Each structure stands twice: as C-alpha cells, then as structure tokens.
Amino acid sequence: MLMRRWGGAFGLAVLALAALPAAAQDKLRFQTDWIPSGEHAMYYGGLEKGIFREEGLDVTITRGYGSGDTVAKMSGGAMDVAIADVGALMIARARQNVPIKAVATLYTHSPHSLFVLKSSGITEFKGLEGKKIGITPGNSHRLYFPKVAERAGTDPNKIVWVNMDGAAMAAQLIAKNLDAAPFFSIHHYYQNKAALKAGEEIAVLPFVQVGFAIYATGIVLPEKMIKEQPDTSRRFIKAMQRAHAWARDNPVEACTLHRKRHPEVEQDDCEGSMRAVIAFVWNEHEKQHGFGRYEKERLAFTWQVVAESQDIDPKSADPTQVFDLSLLPPRAGN
C-alpha cells in the first residue's frame, strides 16, 4: 500500500513537471546590413543549427538595406540587435548622437570596394569623373568615397550616383547601365559568376588600395539594451561569437543550413563568400587582440578617415566612445 502511494505521488510529480512550460527565451529582432548572401550564413545557418536557442534567445532575422538604414531603424526602435558598419555608426553618433554602440568588431579591416567590368577599361579610382556608380541610401561606401577619390586624384563631386536597391546593382552593372557598383569584396565570387554567364568579368577595386585599413562591420546594440538587459546582450554576443566560429570550422554545413532559409543562394556561391569572410574575422588581428576587440591606433585611423570623408573635425569626438566592449566573453586563458 505504501509503495503504491509513493508511486502515485511520483507519477503526479512527473505529470506536474511535464505540464510546466519550457524555459522562456528572450525574443530579439536581429537585422543584418545587407541582402542574405553567403556572407550571412553564420547567422541564418546558426539559427537553424540552434546556436541562438542554446543561449536562451528566440531570434528573428531580417535583411538589411545598407548600414546607414540599419542604424537609422535601430535608432527608431525597429529592431533590437544588428550588424552594421562601424563607420556608419560613427557618423550617426557624431551627427545625431544616436543612442547606439558597437559591442564587438567583426571585420577587422575593410572589405569596401568598387566592382567594375573588365571590359570597361576601368582599372583604378583615378579618372572616374562622369561615371555612373550605383548606391543605396546610407551606404557606407558613399561615406568613404570622397577621400578615396581625393587620394586617387578624382573629383568626387563629378561622380554620378544612381540610387537603387542593393539587390539590383550587380545586374545593372553587368547590363552596363552602371560603370561601377559598391560591394564588399567578399561578394565577388557569386557576382562574378553571374557576370561570366553574361560574357563579362568583374574586377575588384578595393578601397584599401589607397590606405583604408579600417574597421568595418561590427555588432551594434542600443545603449538602453546594454544598460537594462546586460545578460541578454551578453548572451547574444556570445551566440554571435559561437556562430562565427562554427561557420569558420563548418562552412559547408553553414551554407547548407543557410540555404534552407534562402534557397536562391547557390551552395558554391555561399561557400565562396564564407571563405572570404573568414579572413576578415579570424586573422592575426583577432589572435593578437581577441574576438571583437579593437586596437587603438587602427580605431583612431578609422575615425580619422570616416570624419574627414564627411568634413567632420576628427578632434570633435573620441572614437572609443562608439564602443562598449564590457559584455564580450573573456579571452581564452584569461
């Protein structure tokens, strides 16, 4: 009789536990900086893999339309977390004092570049006056280009900028409706693949050719969230680090899972972009300073060229105030 009573009590306890809801997860709206190419396989693939869920996060990802747009939308409360160009954030803080900070660097040097057709005969930034270059609103390439052109001996005021959606620029370039289009160099593999099918070939003009060894993409969060939800913020940053490391070590799987959400991205295109991304995130800089951390001299140079490109006095702001690295996971061995 006693055993039956204990057994009944145990069964009721099991049923009660089964009726409890699963541990609540923090919902986060996450916006990227661009269209969901293989550059973003660590995010969409990581979502499919369950990396964000394992950190107690219920994440919804939406595509971006350029870093300027992403920063503006975050400032307006349209999303909770994002990736965006650090330079675009610097400008927004200097001009509108947006309550947003970068909580980690991702691309430790800049992949900004112009794509041109080899058949155009354009081989450098010099002599681009009168040429039509595609652009999206707030695109960070546009922020930097005046100084790139100046250093190359080109008058930036004589460039013809053509506003359009980022998804249309490569097709317009290949159709020769544009003379150049701004892309991160990591997009070359799949864009050139499309050009080759049309009998053309794309050449890359990287901004770094004229000295732009600057920080680029980073993880950005509202200051309010950093202050009021430090644990959620910390877990998101940790999930992002895990997603990047997992994609680095498993690029084929990352792209396979990425394509479950974006089947229009071909597997080889995705893997080509992933290989390029790895070099911007996992490199000697990361080994020396740690994931997400900046080096003061490069950060100062980044702010200098960003400020000068927008006719802002570099002495008017401290670039370290754009960052809050307090929530980064400790470095291995610390």
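Numbers given to residues run from 1 along each chain, matching the order in which its sequence is written. Only residues with pLDDT of at least 70 get local features here, since the model is predicted, and only at 80 or more are side-chain atom pairs given and counted; chain-wide, interface and lining totals rely on the full set of residues. The side-chain numbers reported here are obtained from all heavy atoms of the structure, hydrogens and water having been left aside.

The space that makes up the largest pocket amounts to roughly 410 Å³. Using only the protein atoms, space was sampled on a 1 Å grid; points where a 1.4 Å probe fits but cannot get out form cavities, open sets with protein on both sides within 12 Å along at least five of seven lines form pockets, and lining residues are those with an atom within 4 Å of a point. If you trace the largest pocket, you find 19 residues lining it, with Ile35, Tyr190, Gln191, Glu264 and Asp269 closest to the centre. Secondary structure is summarised from DSSP: a helix means a run of H or I of at least four residues, a strand means a run of E of at least two, and numbering begins at the N terminus for each. Of all the secondary-structure elements, those providing two or more residues to the lining of the largest pocket are α7 (166-174), α8 (188-197) and α12 (267-281). Across the lining of the largest pocket, the residue classes tally to 10 nonpolar, four polar and five charged. Grid points are joined across faces, edges and corners, and a volume is the space filled by probe spheres set on the points. Taken as a whole, the second largest pocket spans an internal volume of roughly 210 Å³. Along the wall of the second largest pocket there are 13 residues; nearest its centre are Gly68, Ala88, Ile91, Ala92 and Gln96. Per-element accounting of the lining of the second largest pocket gives the leading share, five residues, to helix α5 (residues 86-96). Class assignment of the residues belonging to the lining of the second largest pocket gives a composition of seven nonpolar, five polar and one charged. Throughout this entry, Asp, Glu, Lys and Arg are counted as charged residues, while Ala, Val, Leu, Ile, Met, Phe, Trp, Tyr, Cys and Pro are counted as nonpolar. The remaining residues, Gly among them, count as polar.

On to α8. Residue pairs spaced three or four apart in an α-helix point in one direction, given the helix's 3.6 residues per turn. Whether a residue is buried, partly exposed or exposed follows from its accessible area with a 1.4 Å probe, protein chains only, as a fraction of its type maximum: under 20%, in between, or over 50%, in that order. Those residues of α8 that sit buried are Tyr190, Gln191, Asn192, Lys193 and Ala195. The elements touched by buried residues of α8 are β5 (112-117), α7, β8 (181-184), β9 (202-206) and α12. Where α8 ends, the next residue or the one after it, glycine 199, has phi of about 80 degrees, a positive value. Contact criterion: two residues are considered in contact whenever any of their non-hydrogen atoms come within 4.5 Å of each other.

Next up on the list: empty space enclosed by the protein. According to the stated counting rule, one finds two cavities of 30 Å³ or more in the structure shown. Reported here for the largest cavity is a volume of approximately 120 Å³. Surrounding the largest cavity, Asp33, Trp34, Gly66, Ser67, Asn139, Ser140, His141, Pro182, Phe183, Phe184 and His187 form its lining. Of all the secondary structure elements, the ones that give two or more residues to the lining of the largest cavity are α6 (140-152) and β8. Here the element with the most residues in the lining of the largest cavity is β8; it accounts for three residues. For the lining of the largest cavity, the class distribution of residues is four nonpolar, six polar and one charged. In this model, the second largest cavity occupies a volume close to 40 Å³. Lining the second largest cavity, in full, are Met42, His244, Ala247, Arg248, Met274, Val277, Ile278, Val281 and Trp282. Elements with a minimum of two residues in the lining of the second largest cavity: α10 (230-249) and α12. Split by residue class, the lining of the second largest cavity holds seven nonpolar, one polar and one charged.

Two cysteine sulfurs form what is called a disulfide whenever their separation falls within 2.5 Å. By the definition in use, this model includes one disulfide. Here cysteine 255 pairs with cysteine 270 through a disulfide, and the sulfurs are 2.2 Å apart. The chirality of the disulfide connecting cysteine 255 with cysteine 270 is left-handed, given an S-S dihedral of about -85 degrees. Within this pair, whereas cysteine 255 is found in helix α11 (residues 251-261), its partner cysteine 270 is found in helix α12, the two being separated by 15 residues in sequence. The exposure class assigned to cysteine 270 is buried, which follows from its relative accessible area of 0%.

Here we come to the side chain of aspartate 85. Tracing the backbone through its elements, the reader meets aspartate 85 in strand β3 (residues 81-85). Only four residue types enter the tally: Lys and Arg on the positive side, Asp and Glu on the negative side; His and the chain ends are excluded. Any Lys or Arg side-chain nitrogen located within 4 Å of an Asp or Glu carboxyl oxygen qualifies as a salt bridge. No salt bridge is formed by the buried aspartate 85; the nearest opposite charge belongs to arginine 298, separated by 12 Å. Polar side-chain contacts of aspartate 85 include one of 2.9 Å to the backbone nitrogen of glycine 87. Two N or O atoms form a polar contact when they lie within 3.5 Å of each other; inside protein one atom must be a possible hydrogen donor and the other a possible acceptor, and for residues adjacent in sequence the pair counts only when both atoms belong to side chains.

Looking at the element boundaries, glutamate 39 is found in the loop between β1 (26-31) and α2 (41-49). Here glutamate 39 is buried and forms no salt bridge, its nearest opposite-charge partner arginine 63 lying at an N-O distance of 11 Å. Within the structure, the side chain of glutamate 39 is placed 2.5 Å from the side chain of histidine 187, a separation counted as a polar contact. Once residues lying within four places of it in the same chain are set aside, the contact partners of glutamate 39 are Asp33, Tyr107, Phe184, Ile186, His187, Ser273 and Val277.

Aromatic rings from Phe, Tyr and Trp, taking only the six-membered ring of Trp, are treated as a pair when their centres fall within 6.5 Å; an angle between ring planes under 30 degrees marks them as stacked, one over 60 as edge-to-face, and anything in between as tilted. The final tally for this structure, using the stated rule, is 11 aromatic pairs. Consider the rings of phenylalanine 30 and phenylalanine 236, whose centres lie 5.4 Å apart with planes at 80 degrees: the pair is edge-to-face. On the criterion of sequence distance, the pair formed by phenylalanine 30 in strand β1 and phenylalanine 236 in helix α10 is long-range, its members being 206 residues apart. Following the ring pairs from residue to residue traces out a cluster consisting of Phe30, Tyr43, Phe52 and Phe236. Lysine and arginine charges are scored as sitting over a ring when NZ or CZ, respectively, is within 6 Å of the ring centre and within 35 degrees of the ring normal. The ring of tryptophan 282 has arginine 248 sitting right over it, with the charged end atom 4.3 Å from the ring centre. The lysine or arginine in question, arginine 298, covers the ring of tyrosine 215, its NZ or CZ lying 5.9 Å from the ring centre.

With that settled, consider the sheet that holds β8. Read across the open sheet, the three strands follow the order β8-β5-β9; overall the sheet is antiparallel. Either end of the sheet is taken by a strand with one partner, and the two such strands are β8 and β9. With direction set aside, neighbouring strand axes in the sheet form an average angle of 40 degrees. Every axis in this analysis is a line fitted to C-alpha atoms, fitted for helices over the stretch in contact. Angles between the N-to-C directions lie between 0 and 180 degrees. Sitting on the sheet, α8 touches β5, β8 and β9, and the angle it makes with β9 is about 150 degrees. One bridge is not enough; two strands pair if DSSP finds at least two bridges between them.

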